[in-house]
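Overview (structure and organization)
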Amino acid sequence: MPYKSFDPRTFRDKPVSFVRRSGRMTPSQERAWEDLGPRYLHELPRGHAATSVADHASLEPAEVFGRVAPLVVEVGSGQGHAIVHAASELRDWDFIAVEVFRAGLARTMIRAEWADLANLRLVEANAPEVLERALPEHSVDEIWVFFPDPWAKERHKKRRLVSPDFARIAARALKPGGLLRLATDWEDYAEHMRETMDAAPGFARDFAGEWAPRFEGRVLTAFEQKGIDKGRVIRDLAYRSA
């Protein structure tokens, strides 16, 4: 296990895009990390915390991908099911998957290699810091937040990613007219997301009625199907930046 730091500079006072869990990579994931990392992983300078991003970090999409194209950033990409599928379908778009769990990133690399993707890069970091510090202002066409940790216990709800501060960060990163797409299978989190984003400066609903229709570009994953099987209703939301 990594050394636990008690340096107060490593403690974050803002929502993060992950929950710390222990876990090790399988041998195949270790090999993928070593063999495919140079192709897919974009390294950023760190701040004091292990998954933080330094203030001077820079991620210029045109330099990373060698072209100018529409850009999607997925916050918490898991094992890469959604973003690999999308990158395979839209090869004239570029995609950045931001995730802190190496096992998930390694699985994403394996899937990207199977699909022979040149339009996908992975970043191992806390996603809000990537959006706020590394990416240029107004450089992203869409930000995806699919099934973030719901922090279901009442005392933990303050840790939820979607918050007024995250809305501010997303507004900075998105181009005018860009989209923030959200999805969750927790009803009260869906209501929290809608309440937060309805009140967020610089955003307007991109849907009519109570909820957005299911985003057709999101492939149905085993995780989403599990929620459906348990009787949970999947809620989508979409907000367009001013």
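Here, the structure is the one placed above.
Below: a short report on this structure. (Residues numbered from 1 in each chain as written. Predicted model: local features only at pLDDT ≥ 70, side-chain atom pairs only at ≥ 80, totals over all residues. Heavy atoms only, no water.)

**Topic: the sheet that holds strand β7 (residues 235-241)**
What the seven strands build is an open sheet, ordered β3-β2-β1-β4-β5-β7-β6; its pairing is mixed. Bordering the open sheet on either side are β3 (120-124) and β6 (203-205), each of which pairs with just one other strand. When the angles between neighbouring strand axes are averaged without regard to direction, this sheet yields 20 degrees. Relative to β7, β6 runs antiparallel, the two being bridged by three bridges. Residue pairing across strands places F203 opposite S241, the latter belonging to β7. Strands β1 (71-75), β2 (94-99), β3 and β4 (140-146) of the sheet are contacted by helix α3 (residues 81-89), whose axis makes an angle of about 170 degrees with β2. Of the strands in this sheet, β5 (174-184), β6 and β7 are in contact with helix α7 (residues 187-198), which crosses β7 at around 15 degrees. (Pairing = 2+ DSSP bridges. Helix = DSSP H or I, 4+ residues; strand = E, 2+ residues; numbered from the N terminus. Axes fitted to C-alpha atoms, helices over the stretch in contact; angles between N-to-C directions. Contact = heavy atoms within 4.5 Å.)

**Concerning the packing of helix α5 (residues 127-134) against helix α6 (residues 164-173)**
Between two packed helices, what matters for the description is the angle formed by their axes and the separation of those axes. Relative orientation of the contacting elements α5 and α6 amounts to 45 degrees, with a least axis distance of 9 Å. Put simply, α5 runs oblique to α6. Pair α5 / α6 crosses with left-handed handedness. Facing P128, L131 and E132 of α5, the residues of α6 in contact are F166, R168, I169, R172 and A173. (Parallel < 35°, antiparallel > 145°, perpendicular 65-115°, else oblique. Left-handed = near helix turned anticlockwise from the far one by under 90°.)

**As for the environment of P148**
Along the polypeptide, P148 turns up in the loop between β4 and α6. Sequence spacing of P148 and T184 is 36 residues, and the spatial spacing of their C-alpha atoms is 7.0 Å.

**Details of the packing of aromatic side chains**
This model, assessed by the stated rule, comprises six aromatic pairs. Taking the centre distance of 6.2 Å and the plane angle of 40 degrees together, the rings of F146 and F215 count as tilted. One end of the pair, F146, is in strand β4; the other, F215, is in the loop between β6 and α8 (222-229), with 69 residues separating them in the sequence. Given a relative accessible area of 15%, F215 falls into the buried group. Among the aromatic residues, those joined into a cluster by ring pairs are F95, W144, F146 and F215. Above the plane of the ring of F215 lies R181, whose end atom (NZ or CZ) is 3.9 Å from the centre. In this arrangement the basic side chain of R218 is found over the ring face of F146, its NZ or CZ atom lying 5.3 Å from the centre. (Phe/Tyr/Trp six-rings, centres within 6.5 Å; stacked < 30°, edge-to-face > 60°. Buried < 20%, exposed > 50% of the residue type's maximum accessible area, 1.4 Å probe, protein only. Lys NZ or Arg CZ within 6 Å of the ring centre and 35° of its normal.)

**Focus on the nonpolar core**
Formed by 42 residues in total, the largest nonpolar core has its most connected members in V130 and I143. Broken down by element, the residue count for this core peaks at five residues, all from α6. In contact with V130, other than residues within four places in its own chain, are L44, V53, L59, V98, V123, A125 and L135. Counting 29 residues, the second largest nonpolar core, distinct from the first, contains M25, A97, L117 and W144. (Core = buried A, V, L, I, M, F, W, Y, C linked by side-chain atoms within 4.5 Å.)

**A short note on the pairing of β7**
With five of seven residues buried, β7 lies mostly within the body of the structure. Relative to β7, β5 is paired through six bridges, and the arrangement is antiparallel. Residue pairing across strands places R181 opposite A238, the latter belonging to β7.

**Comments concerning unusual backbone geometry**
Positive phi is not limited to glycine here, since F147 has a value of about 55 degrees. Along the chain, F147 turns up in the loop between β4 and α6. Its identity is not glycine, yet W151 carries a phi of approximately 45 degrees, on the positive side. Along the chain, W151 turns up in the loop between β4 and α6.

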